[in-house]
Amino acid sequence: MAQPQPRHSVGQARRVFFERGLAPQGQVPDTILQSWQRCQRLGLEAQSHPAIEPVTEADLRRMRERHEKLWRLARAELEALATDAMATGSIVILTDEDGWILDAEGSTGFLNKAGRVALMPGACWSETQVGTNAIGTAIVEGRAVEVRGGEHYFAPHSILSCSATPVYDPFGHLVGVLDISGEASVHHVHALGLARLAVANIEHRYFEDGIADAQVVRLHHNPALLGTAREGILAFRDGRLVAASQSGLQLFGLERGELGEVSYHALFEQALSRLRDDGVLVDRHGRMLHGHVQEHGDDRPRRHSSRPPITVSAATRADRADAPLFDAGQDAELQRACRVLDAELPVLLLGQTGTGKEVFARELHRRGSRADKPFVAVNCAALPEGLIEAELFGYEDGAFTGARKQGSPGLLRQAAGGVLFLDEIGDMPLALQPRLLRVLQERELTPLGGGKPVKLDFALICATHQDLERGVAEGRFRADLYYRIAHHCVRIAPLSDHPERARLIRDLWRRLDKHGRQLTDEALQALAGYSWPGNLRQLSACLRTLVALSEPGARIGPEALPAYLRSIELARVAEDPVAAAVTAMPDAGLEAVEEAAMRAALRACDGNVVQAARRLGISRSTLYRRLGGGLRKPN
Ligand SMILES: Nc1ncnc2c1ncn2[C@@H]1O[C@H](COP(=O)(O)OP(=O)(O)OP(=O)(O)O)[C@@H](O)[C@H]1O
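Residues numbered from 1 in each chain as written. Predicted model: local features only at pLDDT ≥ 70, side-chain atom pairs only at ≥ 80, totals over all residues. Heavy atoms only, no water.

Taking an unreviewed UniProt entry as the reference, the protein chain is identified by name as Sigma-54-dependent Fis family transcriptional regulator belonging to Pseudoxanthomonas helianthi.

**Focus: the nonpolar core**
Among the nonpolar cores identified, the biggest contains 33 residues, and Trp36, Ile93, Leu119, Trp125, Ile135, Tyr153 and Leu160 are the most heavily contacted of them. Contributions of two or more residues to this core are made by helix 1 (7-19), helix 2 (30-41), strand 1 (91-96), strand 2 (101-106), helix 5 (108-116), helix 7 (134-141), strand 3 (145-148) and strand 4 (160-168). Among the elements that line this core, the one with the most residues is helix 2, at four residues. Ignoring any residue separated from it by four or fewer positions in sequence, one finds Tyr153 in contact with Arg14, Phe18, Trp36, Cys39, Gln40, Leu44, Glu45, Ala46, Gly131 and Thr132. (Core = buried A, V, L, I, M, F, W, Y, C linked by side-chain atoms within 4.5 Å. Buried < 20%, exposed > 50% of the residue type's maximum accessible area, 1.4 Å probe, protein only. Helix = DSSP H or I, 4+ residues; strand = E, 2+ residues; numbered from the N terminus. Contact = heavy atoms within 4.5 Å.)

**Points about the environment of Gln330**
By secondary structure assignment, the location of Gln330 is in helix 12 (residues 328-342). Note: C-alpha distance between Gln330 and Arg491 (161 residues apart in sequence) is 10.0 Å.

**Here's the deal with the side chain of Thr132**
Structurally, Thr132 is set in the loop between helix 6 (127-130) and helix 7. By relative accessible area, which is 0% here, Thr132 ends up buried. Separated by 2.6 Å, the side chains of Thr132 and Ser35 make a polar contact. Dropping the residues within four chain positions of it, Thr132 is found in contact with Ile32, Ser35, Trp36, Cys39, Glu127, Thr137, Val147, Glu151, His152 and Tyr153. (Polar contact = N/O pair within 3.5 Å; in protein donor to acceptor, adjacent residues only side chain to side chain.)

**A word on helix 16 (residues 433-442)**
A turn of α-helix holds 3.6 residues, and therefore any two residues three or four places apart point the same way. Within helix 16 the residues assigned to the buried category are Gln433, Arg435, Leu436, Leu437, Val439 and Leu440. Trailing helix 16 by a residue or two, Arg443 shows a phi angle of about 50°, which is positive.

**Quick look at the packing of helix 12 against helix 13 (residues 357-367)**
The interhelical angle for the contact between helix 12 and helix 13, taken along N-to-C directions, is 60°, at an axis separation of 10 Å. Accordingly, the angle class assigned to the pair helix 12 and helix 13 is oblique. Relative to helix 13, the crossing made by helix 12 is right-handed. Each of Gln330, Asp331, Glu333, Leu334, Gln335, Ala337, Cys338 and Leu341 in helix 12 lies in contact with helix 13, whose residues at this interface are Phe360, Glu363, Leu364 and Arg367. Residue composition of the contact of helix 12 with helix 13, grouped by class: six nonpolar, two polar and four charged. (Axes fitted to C-alpha atoms, helices over the stretch in contact; angles between N-to-C directions. Parallel < 35°, antiparallel > 145°, perpendicular 65-115°, else oblique. Left-handed = near helix turned anticlockwise from the far one by under 90°. Nonpolar A, V, L, I, M, F, W, Y, C, P; charged D, E, K, R; others polar.)

**A closer look at the packing of aromatic side chains**
Any two aromatic rings considered together are summarised by their centre-to-centre distance and by the angle between their planes. For the structure shown, the criterion picks out 13 aromatic pairs. Ring geometry for Phe252 against Phe268: centres 5.3 Å apart, planes inclined by 75°, an arrangement best described as edge-to-face. Of this pair, Phe252 sits in the loop between helix 9 (246-251) and helix 10 (264-267) while Phe268 sits in the loop between helix 10 and helix 11 (272-278), and the two are 16 residues apart along the sequence. The class of Phe252 is buried, set by a relative accessible area of 11%. By relative accessible area, which is 0% here, Phe268 ends up buried. Considering the side-chain rings of Phe326 and Phe360, the 6.4 Å spacing of their centres and the 90° angle between planes classify their relative orientation as edge-to-face. Of this pair, Phe326 sits in the loop between strand 11 (310-313) and helix 12 while Phe360 is found in helix 13, placing the two residues 34 residues apart along the sequence. (Phe/Tyr/Trp six-rings, centres within 6.5 Å; stacked < 30°, edge-to-face > 60°.)

**Quick word on the packing of helix 19 (residues 501-512) against helix 20 (residues 521-529)**
Where helix 19 contacts helix 20, the two axes come as close as 9 Å, and the packing angle between them is 115°. As helix 19 packs across helix 20, the resulting crossing turns out to be right-handed. Judged by residue contacts, Arg501, Ala502, Ile505 and Arg506 of helix 19 engage Leu524, Leu527, Ala528 and Gly529 from helix 20.

Printed below as a string of structure tokens:
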């Protein structure tokens, strides 16, 4: 990164370089000196006015059209930065990958001043044409660069102070530059940091369109940062890392040039299915990362894409070996909701991901009067926005490009007589909400592309993990649709709030295992002590894996549990001193965390191995093996 230099030393450095032909080592940042040397080799004349010819309005329009994606994804950042820039008398600039300025916004006063040196839309600020400047030099260097006053190669540009950060697409290709420029006489301390943050947001948005034929993984040590620009995003195609965000690369100490070279197994110890099932994945350094997998290219972020976006099925059978479990409270909820549904009124299921909303909806279908008719489940978050309308409402022959020859009846008609389950209703695009509302009110549908209105007959269950009331308050969800679907709400509690997790685990275990496998008390205690952020989905996947990996009749102890249960959560079960030791080292590898937990437990138990092992829920021999000699033997 360019270091700010006192102005007098730049003047001196210019004299040394341009008049005496020597390298002013240490007087300007190396980046600037190297750029001056490149410009000199090109024969640029520093005291002259560079010839910058902005393109015509029509060419600029075409250029913007060609870079529509960059412009669209950068729009929100440009607008936000332009407001700040106005207040500080500076401007924000977006260029393409060659330095052609697509947009400049901010302080009108400074826009005029910058225009006098052709820092304006339609001009090209590549280093070869304009000499050392933040935009052009950032493109050459491939990283953020600050160029202040006299550090610009051409003397007339010394009125500018500019901070530029290149923008890369997920595959590591340079797509543009975001620059903040202002008066050279003012030191814009935060400009480079602001440009970097804005670019991180833009690059993050590039992944919203998905990556075709790739599995996109979003990860972070801290689950609270998932969904923000700080999460690491990695995309794998055929087991190879083909795309990544800057934070994704940083997480593994990788360079952009390594995209396409690194295999999944070089980065992770566990299979990707672990992340899908448990919401956590251990990497090659033993670090536990939280996150989720987004399957194959789509135009919106997906949740739980392991499930197909649309399924049409018959009612589930109650006598299945893995039939769901409902406690007395849930059973009462089911009975009430069943009556509501049979009265042709909609039911809304609310709950965190994996709490069992779809399982609950299927059970409602099974118990209700429409059990012999189809159950049509639509995951609104997993369907591309452009397809939701056609899939739901159907279309006539040739209604839009790509439409099937003979048209499609749409899912609303396919649900005829049965139950339509709209999962993730909170992700229903705003533009489609009035149409859905109309259909729900009129129970009649006119397919896309025209045709006769058709009478509809289905019972509606909606589900979401989102706070829809907040969605209404923030204008993301229509109030009239909300009141229509939220007639009867059922809240499904997260596992962390379950009052009797141990009993639930025992009951689930009995359902899953028919061959006498037993969980030891320690294992049960550890399982019940964990908060299960992925709820029943995570717990159920964990128990199924334990059954699959053990022999009939086996006793399953804590050593068989997944690593995330054996370390951090065991420590939490074991109360404060241990939990404190573990939470104090959020970035440490798993082994180090486990060891810290063991040592803290030993200290808390005054060196008594038996007590410490019990407290941690692990065997004495494991504690001896891991901590070696020097442990006090029990009497
Ligand atoms: N009542 C239950 N009994 C047993 N297992 C259950 C139950 N409910 C859910 N599960 C387990 O959890 C998994 C996830 O449930 P489900 O798909 O219904 O969750 P969800 O709340 O709809 O999740 P999402 O919001 O992510 O779509 C199920 O596949 C099943 O393994």
